[in-house]
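# What the coordinates show
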Amino acid sequence: MELKEYQQKTLATLGAYLAALAVATAKKAQVDALNLGIPYDAPAAAWQQVRGARPYQSRQNGLGEDIPVVCLKVPTGGGKTFLAALSVEKVFLEYRKQQTGLVLWIVPTTEIYRQTLAALRNREHPYRYTLDRASGGRTLVLEKADRFTSQQTHEYLVILVLMLPSANRQDKETLKMFQDSTGFADFFPAEDDAPAQAALLQQIPNLDSFGAVGSWAGAAIKTSLGNTLRLLRPMIVLDEGHKAYSEGAQDTLRGFNPCFILELSATPGTGSNVLVTIGGQELLREEMIKLDLNIINKASQDWRVTLLAAYEQIQLLTRKAYEYQSNSGRYIRPICLIQVERTGKDQEQGRFIHANDARNHLIKQCGVSPTQIAIKSSENDGLENIDLLSPDCPIQYIITKQALQEGWDCAFAYVLVILTNPASQTGITQLVGRVLRQPQARKTGVPELDESYVFCFKRRAGDLLDAIQRGFNEEGLGDLREHIRSRAEANAGGRVDVGYRAEFRKFAGKIYLPRFVMQEATGYRDLSYTMDILRRIDWNRVDLSGLDLVTLGTVISNADQQARIGYYEQSDTVVDFKGNRSAEVGLTIDKVFMTQQLADVVPNPWVAYSIVDQTVTQFLARYDEALVTANIVFIIDELKKLLVKQRNVLTEEIFRELLMHRQMCFFLQAISDYALPSSIRVPADSRKLTRPNNDLVQRSLFEYVPEEDFNETEKAVAVYLDQQTELLSWYRNIVGTQYYTLDTSQRNYWIQGWQPNRIYPDFVATRKDSVDPTDYRTIYVLETKGLHLKGNADTTYKQDIFALCNELGRATNWEAICADFGGKQIHFQVIYEDEWQVRINELFT
């Protein structure tokens, strides 16, 4: 799975913090060794190095030691769990320098618990694959009731998944975690070994015990799960971290003596150390979510009218999905979520809308097959053990009251129907994120399938919009509130069309930008990576000899190691003693599994299988089968890295050959020129972007632009551009089509190169003509990049594409292609977070 740009940004920032933390931890050890009594908070020092003056809330574990606690702020639909798995890999390999140990993975709800557990136990899932990569294929996923041994924590990466209430010391039902249990006895000294018991309590004083050290009976440590966690110093992953801000929950978590706490939340609280903030705009840019969100508020007093309208919408989307599948081969089955007021067996025949009422109406009045309907409630889980994403699954309608409000995730959910009491807003605010995730995190190009829909019954338009916007805030998507489109609001004039400023109106439809296009007999069309580049790859040219440089790790013995804590009279501390016993490793060479892992790199499964077969043969010629088996996940990862590098080399060759033979051109399209849109439609009450003195920006191409469309870096760049004396105008390249008015062909500007992802520059700026200052001479296409992405592969690729664009642009007579473009130039530039002011000064000086 290729990482999105915001995921790369997140991991780069976390990596920078871990590197700083390692240095700070070593420094703390030096300070402590001098016995000067000088306090030194290593996590805070590392934070200051990476985040500067941004406040850091120091935390201590149950031993009084400073522990690193950081939060990744990622909105709904951003793949928090995947980022958590990637972060575990980074913490263990880059900070702890080990592949084994314990991760305490804490989730807040039953639904999230089930989904997380299922994904982590599925070897073919990207989450599990990432963990297997970190552990060398030795990952053990457990629940609270499972027992594990000391030997397993030495040889496996053990992931213990717990519900948040189970980790709360104040919950009487879950005090079993801290009760004595024979299942963890091998972690602790024997009960009758008083010296060893006392030594371990001296080393870890917050272990629960019977009695006390120094008493006539001595202390006996409880062999509980809670004590085992304190002993093992786990890394804690806290999903939906904002739900664990009670003092009881926080004390319990820190009392487990963790070595690192990673919090993931869409809306972290004020006490969180937010290391990375991802906004909704970044998800939208990466095509992760379905926006606009269309709200249809039916005025009818009959809830059946609302349900019928939703049914018709699903029928439309289903037809569009069939057409799309026939053209692309990609399967989508749009699903409708219906929230009712009652689901209980004894709650029918009342004045409330019951799940069976909605089900019967769909069957009898709409002709929906009963097999297409599922009811999800506390009493009736119609979705248990069902894969909604499978083409074999018939379900298109899911009826619920509250069971899907948190944690439920299905990318095929497109339509949400709210049939609950208008006075209750919880249904909307908690369900709003359930229909946003884009299938396979990829836009279809079909407008209806790239948006989501909410149908409401007897709601006041103003209250409805407020509730949806609150829902966006609660899902971490507050910067996308302007992408909520209400049909009732449109009729009421809630949006306004914004045109060019008076001095720029002469440029309407005449500011052109070039793209790479394919030449055909009938004209030109946009370059398609899949159709024009990927399909031309000759995979026989792939050279696997680079794998000869890959060295496999030491053989992992088939004999397990059982660790026992013992005590030596001559030592003041508890030490480990290891013994061995025979056990099976359990890994196999599965070529089909390996082939599946290459699907995102090599689309043809027959070719991918052939490559896998060659790879396995190559390693078996150098190593025995046991060693190859033990390193199978590592081999897959190295193979993918090699294939991606060679694929990119081959696609660049194909790209440049197409240019050389003039099958592909870089120019202003003669038939459908890309021009900046002539007007945009924005919310009437949107906050307008201003300069530092609170004056509205003066040089934006449009009369005004909504501030919500910018993240902090983009806002700073826009305002700085606006103050350049040589600048004529600037334009923020809008993601999606939500602001465009009449011509939907005028979409955001992008460039397709030789790698899969399109490049969407952030800004288009024009510089004044030296002869006629009311005209422009040069167009600057600008892409901003965070400092942490400087020099990485993706940024280098974009720089290469921009350099090629500049090279081709200098050699092109634009006037011969477009008369309105005579004598003008186009320049492409990547500017970084730490140098954008300098670069902008250079461009406009």
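To keep things clear, this report deals only with the structure shown in the data block. Given the structure is predicted, the values throughout are model-derived calculations rather than measurements.

Another point: helix H8 (residues 225–232). With respect to burial, H8 is a largely interior element, seven of its eight residues being buried. Looking at H8, one finds that the buried residues are Leu225, Gly226, Asn227, Thr228, Leu229, Arg230 and Leu231. Downstream of H8 by a residue or two, arginine 233 has a phi angle that is positive, lying close to 55°.

To continue, consider the packing of helix H1 (residues 5–33) against helix H2 (residues 42–51). The interhelical angle for the contact between H1 and H2, taken along N-to-C directions, is 135°, at an axis separation of 8 Å. It follows from the interaxial angle that H1 and H2 lie oblique. Here the hand of the crossing between H1 and H2 comes out right-handed. Of the residues in H2, those in contact with Thr13, Ala16, Tyr17, Ala20, Leu21, Ala24, Thr25 and Lys28 of H1 are Ala42, Pro43, Ala45, Ala46, Trp47, Gln49 and Val50.

So, about the packing of aromatic side chains. Considering all chains together, one arrives at 20 aromatic pairs under this definition. For the ring pair tyrosine 500 and phenylalanine 702, a centre distance of 5.1 Å and an interplane angle of 75° mean the geometry is edge-to-face. In this pair, tyrosine 500 is assigned in the loop between strand E19 (495–499) and strand E20 (515–520) and phenylalanine 702 in the loop between strand E25 (679–683) and helix H21 (712–722), connecting sequence segments 202 residues apart. Residue tyrosine 500 is classed as buried on the basis of its relative accessible area, which comes to 3%. Under the relative-accessibility criterion, phenylalanine 702 is labelled buried at 2%. Judged by centre distance (4.8 Å) and plane angle (70°), the rings of phenylalanine 516 and phenylalanine 655 are edge-to-face. Of this pair, phenylalanine 516 sits in strand E20 while phenylalanine 655 is found in helix H20 (residues 632–660), placing the two residues 139 residues apart along the sequence. Three or more aromatic residues joined by ring pairs form one cluster here, namely Phe516, Phe655, Phe666, Trp754, Tyr797, Phe802 and Phe828. Here arginine 342 stacks its cationic end above the ring of phenylalanine 352, 3.8 Å away from the centre of that ring. A cation sits over an aromatic face here: arginine 515 above tryptophan 750, 4.2 Å from the ring centre.

Turning next to the pattern of salt bridges. Within the structure shown, the criterion is met by 32 salt bridges. Among the salt bridges present, the one from aspartate 146 reaches arginine 121, with a minimum N-O distance of 3.5 Å. On the criterion of sequence distance, the pair formed by aspartate 146 in the loop between strand E5 (139–143) and helix H6 (150–155) and arginine 121 in helix H4 (residues 110–121) is long-range, its members being 25 residues apart. A residue is classified by how much of its surface remains accessible, and aspartate 146, at 26% relative accessible area, is partly exposed. On the accessibility criterion, arginine 121 (39% relative accessible area) is partly exposed. Several salt bridges share partner residues, and in doing so they unite Glu89, Arg133, Asp637, Glu638 and Lys641 into one network.

As a further point, take the side chain of aspartate 769. Among the structural elements, aspartate 769 can be located in the loop between strand E27 (763–768) and strand E28 (776–785). Among the polar contacts listed, one links the side chain of aspartate 769 to the backbone nitrogen of aspartate 772, at a separation of 2.8 Å. With residues near it in sequence (within four places) discarded, aspartate 769 still touches Asp775, Tyr776 and Arg777.

Time to look at H21. Because an α-helix packs 3.6 residues into every turn, residues spaced three or four apart end up facing the same way. Of all 11 residues that make up H21, eight are buried, and the element is covered over most of its length. Tucked inside the fold, the buried residues of H21 contact helix H10 (280–285), strand E26 (727–732), E27, E28 and helix H24 (836–843).

Among the nonpolar cores identified, the biggest contains 108 residues, and Trp105, Phe260, Ile338 and Val415 are the most heavily contacted of them. The element best represented in this core is helix H11 (residues 303–328), accounting for nine residues. Apart from residues no more than four positions distant in its own chain, valine 415 is found in contact with Ala310, Gln313, Ile314, Leu317, Ile335, Cys336, Leu337, Val435, Tyr453 and Phe455.

For the rest of this paragraph, the subject is the sheet that holds strand E29 (residues 825–832). Sheet architecture is open: four strands sit in the order E26-E27-E28-E29, paired in mixed fashion. The open sheet has two edge strands with one neighbour each: E26 and E29. Each adjacent strand pair in this sheet contributes to an overall mean axis angle of 20°, direction not counted. Relative to E27, E26 runs antiparallel, the two being bridged by five bridges. Bridge pairing in E27 places tryptophan 730 opposite alanine 765.

Cut-offs and rules
- Chains are numbered independently. Their residues run from 1 in the order of the written sequence.
- In keeping with the predicted nature of the model, local features appear solely for residues at pLDDT of at least 70, side-chain atom pairs appear and are counted solely at 80 or more, and the whole-chain, interface and lining totals rest on all residues.
- Where side-chain values are given, they derive from all heavy atoms of the structure, hydrogens and water being excluded.
- Whether a residue is buried, partly exposed or exposed follows from its accessible area with a 1.4 Å probe, protein chains only, as a fraction of its type maximum: under 20%, in between, or over 50%, in that order.
- The way it works is that DSSP assigns letters per residue, a run of H or I at least four long becomes a helix, a run of E at least two long becomes a strand, and they are numbered from the N terminus.
- Only the stretch in contact is used when a helix axis is fitted, and all axes are lines through C-alpha atoms; the angle between N-to-C directions ranges over 0 to 180 degrees.
- For classification purposes, an angle smaller than 35 degrees is called roughly parallel, one larger than 145 roughly antiparallel, one from 65 to 115 roughly perpendicular, and anything else oblique.
- A crossing counts as left-handed when the near helix is turned anticlockwise from the far one by less than a right angle, and as right-handed when that turn is clockwise.
- The contact rule is simple, with two residues in contact once any of their heavy atoms fall within 4.5 Å.
- A pair of Phe, Tyr and Trp rings is counted when the ring centres sit within 6.5 Å of each other, with Trp represented by its six-membered ring. The angle between the planes then sorts it: under 30 degrees is stacked, over 60 is edge-to-face, the rest tilted.
- We call a charge positioned above a ring when the Lys NZ or Arg CZ atom is no farther than 6 Å from the ring centre and deviates by at most 35 degrees from the ring normal.
- Salt bridges are counted wherever a side-chain nitrogen of Lys or Arg sits within 4 Å of a carboxyl oxygen of Asp or Glu.
- What qualifies as a polar contact is a pair of N or O atoms within 3.5 Å, subject to a donor-acceptor requirement within protein and to the restriction that residues adjacent in sequence count only when both atoms come from side chains.
- Note on terminology: a nonpolar core comprises buried Ala, Val, Leu, Ile, Met, Phe, Trp, Tyr and Cys residues joined through side-chain atoms within 4.5 Å.
- Only strands that DSSP links by at least two bridges are regarded as paired with each other.

In short, the description is geometric, and any link to function would need to be established separately.
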